[in-house]
Amino acid sequence: MGQLCAGDPCRVLALKSEEYIIASRSYGASSIFVLTKHIWPNTTDLVASIAFGQIANVMLAESTITFLGFGLQPPNVSLGLIITTTKDYLQINAYPVMFAGIVLVIACTSIAMSVISLRRSVK
């Protein structure tokens with residue numbers, strides 16, 4: 001959420017001084033009209049890319065909390081739960097732990113790369 005608060009006011013302040021917004025205000029458009037028709041559509045790409053980028057953070061946080069024993073319990077399924085339940089058998093068979101960890105790393109990395117390419121395409 002901190003990224004959203006840091007990035008959005010700069011964009012809104014930059015849009016506020018655009019000519020089409022000044023013209024719209026001079027023709028008597030209300031603040032709500034300017035906000036819904038001009039400001040919001042020009043900031044949704046930033047909001048969407050930040051929100052999409054938070055998915056990887058949530059996945060890592062959920063897996064960590066579940067691994068520590070405070071998250072999901074055994075009827076549910078999560079990568080952190082798979083790592084937790086299979087860590088006792090690490091010396092016998094390390095593949096389930098490695099597989100779940102690799103899936104988690106690949107998922108978070110692919111989401112991060114998708115966000116980077118989304119932000120590049122928006123600019």
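Below is a short write-up of the structure. None of these values were measured; they are calculated from a predicted model.

Observations concerning the overall build of the chain
Argument step 1. If you tally the helices and strands in the chain, you get 5 helices and 0 strands.
Argument step 2. Listing the helices and strands of the chain from first to last along the sequence gives α-α-α-α-α.
Argument step 3. Of all 123 residues assigned to the chain, the portion counted as buried reaches 24%.
Argument step 4. By sequence separation, contacts in the chain at least 24 residues apart represent 49% of the contacts at least 6 residues apart.

Section: the packing of helix α2 (residues 19-26) against helix α3 (residues 31-67)
Argument step 1. Two numbers describe how α2 lies on α3: the axes approach to 10 Å, and their chain directions differ by 165°. Classified by the angle between their axes, α2 and α3 sit roughly antiparallel to one another. When you trace α2 past α3, the crossing you get is right-handed. Between α2 and α3, the contacting residues are Tyr-20, Ile-21, Ser-24 and Arg-25 on the first element and Ser-31, Phe-33, Val-34, His-38, Ile-39 and Asn-42 on the second.
Argument step 2. Here the residues of the contact of α2 with α3 sort into 5 nonpolar, 4 polar and 1 charged.

Observations concerning the nonpolar core
Argument step 1. Formed by Leu-15, Ile-21, Ala-29, Val-34 and Ile-39, the largest nonpolar core amounts to 5 residues.
Argument step 2. Not counting chain neighbours up to four residues away, the residues in contact with Ile-39 comprise Val-12, Leu-15, Ile-21 and Val-34.

A short note on a nonpolar patch on the surface
Argument step 1. A contiguous nonpolar patch, built from Ile-65, Phe-67, Leu-68 and Phe-70 and spanning about 450 Å² of accessible area, is present on the exposed surface.
Argument step 2. With respect to the helices, strands and loops of the structure, Phe-67 is situated in helix α3.
Argument step 3. Overall, the relative accessible area of 36% leaves Phe-67 in the partly exposed class.

Reading the values: the criteria
Residues numbered from 1 in each chain as written. Predicted model: local features only at pLDDT ≥ 70, side-chain atom pairs only at ≥ 80, totals over all residues. Heavy atoms only, no water. Helix = DSSP H or I, 4+ residues; strand = E, 2+ residues; numbered from the N terminus. Buried < 20%, exposed > 50% of the residue type's maximum accessible area, 1.4 Å probe, protein only. Contact = heavy atoms within 4.5 Å. Axes fitted to C-alpha atoms, helices over the stretch in contact; angles between N-to-C directions. Parallel < 35°, antiparallel > 145°, perpendicular 65-115°, else oblique. Left-handed = near helix turned anticlockwise from the far one by under 90°. Nonpolar A, V, L, I, M, F, W, Y, C, P; charged D, E, K, R; others polar. Core = buried A, V, L, I, M, F, W, Y, C linked by side-chain atoms within 4.5 Å. Patch = residues over 30% accessible without salt bridge, like charges linked within 9 Å, V, L, I, M, F, W, Y side chains within 5 Å. Areas by Shrake-Rupley, 256 points an atom, 1.4 Å probe, with all protein chains shown as cover. Salt bridge = Lys/Arg side-chain N within 4 Å of Asp/Glu carboxyl O.

Scope: geometric values only; no functional claims are made or implied.
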